[in-house]
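Examining the three-dimensional arrangement
Here is what each chain is made of, one letter per residue.
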Amino acid sequence: MQRIVVLGGGVGGTLVANLLVRKLKSEIDRGNASVTVVDEKGEHIYQPGFMYIAMGNEKPERLKRSERSLLDDRVRLEVGRAAKIDVEKRTVSLDGDRVLDYDQLILATGSRIVPEEIEHFETEAHHFYGADAAARLRSALDAFNGGRIVIGIAGMPYKCPPAPLEVSFLIEHELRQRGLRKKTEMHYCSPIGRAFTIESVSEMATPILEEKGIELHTFFNVETIDPERKLVQSLEGEELPYDLLVLVPPHRGAQVVVDAGLAPPSGWLPTDHHTLEVKGHPEIHALGDATDLPLSKAGSTAHFEAPVVAERVAAAVRGRQPHGKHARYEGKVMCFFEVGDGKGTLLQFDYEHPPRPPKPNRLWHLGKIVFNKTYWHTVPRGRI
Amino acid sequence: MNVLEVPINRTIDARGSYCPGPLMELIRAIREGQVGDMIAVWSSDSGSRLDIPKWIEKAGHRLVGVETRDGYDEIIVEKLR
């Protein structure tokens, strides 16, 4: 009996489990293999929708489905928190004394936000990295009547790298529609020396920032927030006053993988770029936000990694070599990028080929909307 | 001792990491370090030769030197504030 345990019921965990039971159908039906997903709440959340809650176009209840409803019937689901991984004994302990043995472990444990790492973040800064936070940002935007908006990034890496730029463009568009743009200064703070990590995307986004009158501040690594003077201060010594502060919170990987000795304190799992094995542990694979790969932390990354993990784990279970187009991961990622005014573009890239985003148009914006609406029927079930 | 013969308080081996990884590692070390610390960054990403000195200038630290070594660059920074 080969026991495969998948930690995490996000995009990566759900898709890899569904792909695995297809590949191992006969083994599972004969009782020679099992696939178990462990998810803390048993709920699958479509996180890219949070940004649209903040922009007033989405409702939290539409972003949530039961994890069970997305899994093939052959996948077992354990709802509970994975409290401990013992890599020597090959066990995962869940809260409530449940212990799962594994032969193959797949870590799809994602990332978590840690706003508490920056003093006053939770009382002063808005963000859109959760449904409740996004709804609070929506309320703040509704109440906004002009002034200074500062949008920035309070730690790298973070989920969905284009998101703060997208939100800047969408807020700017909204303010114009509400007749508030002339009463508003907008500032965008990037921790690095340009607007975006990938140079070609930066070259696309920087003129859009200029055209929309959003001032770019480079090398702005958020250090402190002064709630009395309403100032955000950078490590580099710059300070910006704000009336509305929107910051991407710092992110970390899951604590359970740090406690298991699999990841450094940041929580990002050292992962082979092509095999997606956790380094030093051929029986453990990682995908999605959980890895330390030099790629976007995004559902799209997990989406394209999952077939590779499924192929490699299925091969290990069957005692054969991985084969076919999913034998190795080449870093493929594809995601839409909103630029406001009903337009978007597409970022498609891999380890060797940086994105060459097409000129923003309405088609790519609509593509993103359609993708968001059809997500439940496509990605988790492995249909695209 | 490094090629610049400067006593180093902390070395960050960011080889194999891509932009902005080496810069972010340096920023973490600057946050954790003391004024006067000499920090060496080893980076195999060619972008670091440009990005890191620019950041050092903006952040008010001192670029002690940049040396090309075997397949990577060593960038030495003194924390000034």
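In this numbering scheme, every chain counts its residues from 1 along its sequence in written order. Labels are handed out in written order, letters beginning with A for the chains and numbers beginning with 1 for the ligands. Only residues with pLDDT of at least 70 get local features here, since the model is predicted, and only at 80 or more are side-chain atom pairs given and counted; chain-wide, interface and lining totals rely on the full set of residues.

Let us now look at helix 1 (residues 21–32) of chain B. All names here are of chain B. With 12 residues, helix 1 extends 17 Å from end C-alpha to end C-alpha; this agrees with the ideal 16 Å at 1.5 Å per step. What helix 1 keeps buried is the set P22, L23, L26, I27 and I30. Down the axis, helix 1 shows its buried residues gathered within 140 degrees of arc, on one side only. When the buried face of helix 1 is taken as reference, the exposed residues oriented beyond 90 degrees from it are R31 and E32. A run of H or I in DSSP counts as a helix once it spans at least four residues, and a run of E counts as a strand once it spans at least two, with each numbered from the N terminus. Here a helix's expected span is defined as the number of its residues, less one, multiplied by 1.5 Å. Counting other C-beta atoms within 10 Å of a residue's own tells you its class, since 20 or more makes it buried, 12 or fewer makes it exposed, and anything in between is partly exposed; those C-beta atoms are placed from the backbone. Here, the arc refers to the directions that run from the helix axis to the C-beta atoms.

Glancing now at the sheet that holds strand 2 (residues 33–39) of chain A. Residues and elements named next belong to chain A. A pair of strands is treated as paired once DSSP finds two or more bridges between them. One open sheet holds the 6 strands; their spatial order is 5-2-1-9-21-20, and the pairing between them is mixed. The strands lining the two open edges of the sheet, one partner per strand, are strand 5 (76–79) and strand 20 (277–278). In the sheet, strand 1 (residues 2–7) pairs with strand 9 (residues 104–107) via 4 bridges, with the strands oriented parallel. The residue of strand 9 that forms the bridge with I4 is Q104. What counts as a contact here is a pair of residues whose C-beta atoms, placed from the backbone, lie within 7 Å. Angles here are taken between N-to-C directions and fall from 0 to 180 degrees, while the axes themselves are lines fitted to C-alpha atoms, restricted in helices to the stretch in contact. Strands in contact with helix 10 (residues 299–318) are strand 1, strand 2, strand 9 and strand 21 (281–286); relative to strand 9, the strand with the most contacts, it is inclined by about 170 degrees.

In this section: the nonpolar core. All names here are of chain A. Joining buried Ala, Val, Leu, Ile, Met, Phe, Trp, Tyr and Cys residues through C-beta atoms within 7 Å gives a set, and that set is a nonpolar core. Formed by 86 residues in total, the largest nonpolar core has its most connected members in M51, A54, F128, A134, V167 and V246. With 7 residues, the single largest contributor to this core is helix 7 (residues 163–177). Setting aside chain neighbours within four positions, we find V246 in contact with A125, H126, H127, L137, I149, I151 and V167. V6, V35, I106 and A306 belong to the second-largest nonpolar core, a separate cluster that totals 53 residues.

What follows is about the interface of chain B and chain A. Counting residues at the interface gives 15 residues for chain B, matched by 10 residues for chain A. Going through the elements one at a time, helix 1 and helix 2 (48–59) of chain B are the ones with two or more residues in the side of chain B that touches chain A. Each residue receives one of three labels: charged for Asp, Glu, Lys and Arg, nonpolar for Ala, Val, Leu, Ile, Met, Phe, Trp, Tyr, Cys and Pro, and polar for the others, Gly being one of them. Its residues assigned to classes, the side of chain B that touches chain A shows 8 nonpolar, 3 polar and 4 charged.

This part takes up the sheet that holds strand 3 (residues 62–68) of chain B. Residue and element names in this part refer to chain B. Strand order in the open sheet formed by 4 strands is 1-2-4-3, and the pairing between neighbours is mixed. On the outer flanks of this sheet lie strand 1 (10–13) and strand 3, each paired with one strand and no other. The sheet shows a mean angle of 15 degrees between the axes of neighbouring strands, direction not considered. As judged from the 6 bridges shared by strand 3 and strand 4 (residues 73–78), these two strands associate in the antiparallel manner. Residue pairing across strands places V66 opposite I75, the latter belonging to strand 4. Strand contacts of helix 1: strand 1, strand 2 (38–43) and strand 4, with the helix running at about 165 degrees to strand 2, the strand carrying the most contacts.

This next bit is on the pairing of strand 1 of chain A. As paired elements, strand 1 of chain A and strand 2 of chain A share 6 bridges and run parallel to each other. Counterpart to A:L7 in the pairing with strand 2 of chain A is A:V38.

On to the confidence of the model for chain B, then. Of all residues in chain B, 95% have pLDDT values of 70 or greater, and the mean over the chain is 92. Interface predicted TM-score (ipTM) for the complex: 0.90; the corresponding pTM is 0.95. Note on scores: pLDDT gives the predictor's confidence for each residue, bounded by 0 and 100.

On to the environment of B:P22. Residue and element names in this part refer to chain B. For P22, the position within the fold is in helix 1. Note: C-alpha distance between P22 and K79 (57 residues apart in sequence) is 16 Å. Discounting chain neighbours no more than four positions away, the residues touching P22 are A14, S17, V41, S43, D45, S48 and I52.

Here we take up the domain arrangement of chain A. All names here are of chain A. Considered domain by domain, chain A is made up of domain 1 (2–110 + 254–333) and domain 2 (115–250). On a C-alpha basis, the centres of domain 1 and domain 2 stand 32 Å from each other. Counting residues at the interface gives 13 residues for domain 1 and 17 residues for domain 2. Taken together, the residues that form the side of domain 1 that touches domain 2 break down as 9 nonpolar, 2 polar and 2 charged. Note: domain ranges come from an automatic or database domain assignment.

Residue and element names in this part refer to chain A. Structurally, the position occupied by T275 is in the loop between helix 9 (255–259) and strand 20. With 100 residues separating them along the chain, T275 and Y375 place their C-alpha atoms 27 Å apart. The contacts of T275, once residues within four sequence positions are left out, are R312 and R328.

Next up on the list: the packing of helix 1 (residues 11–23) of chain A against helix 10 of chain A. In a pair of packed helices, the angle between the axes and the distance between the axes together describe the arrangement. All names here are of chain A. Between helix 1 and helix 10, whose axes approach to 8 Å, the crossing angle comes to 30 degrees. Both helix 1 and helix 10 take part in a crossing whose hand is right-handed. Contact with helix 1, carried on its side by V11, G12, L15, V16, L19, L20 and K23, involves G299, A302, H303, E305, A306, P307, V309, A310, V313 and A314 of helix 10 and no other residues of that element. When its residues are assigned to classes, the contact of helix 1 with helix 10 shows 12 nonpolar, 3 polar and 2 charged. Should the near helix be turned counterclockwise from the far one by less than a right angle, the crossing is left-handed, whereas a clockwise turn marks it as right-handed.

Residue and element names in this part refer to chain B. At a minimum axis distance of 9 Å, the contact between helix 1 and helix 2 shows a crossing angle of 30 degrees. Put simply, helix 1 runs roughly parallel to helix 2. Helix 1 and helix 2 meet at a crossing whose hand is right-handed. On the side of helix 1, the interface is formed by P22, L23 and L26, while helix 2 contributes S48, D51, I52 and W55. Angle categories are assigned with fixed cut-offs, so that under 35 degrees is roughly parallel, over 145 is roughly antiparallel, 65 to 115 is roughly perpendicular, and the rest are oblique.

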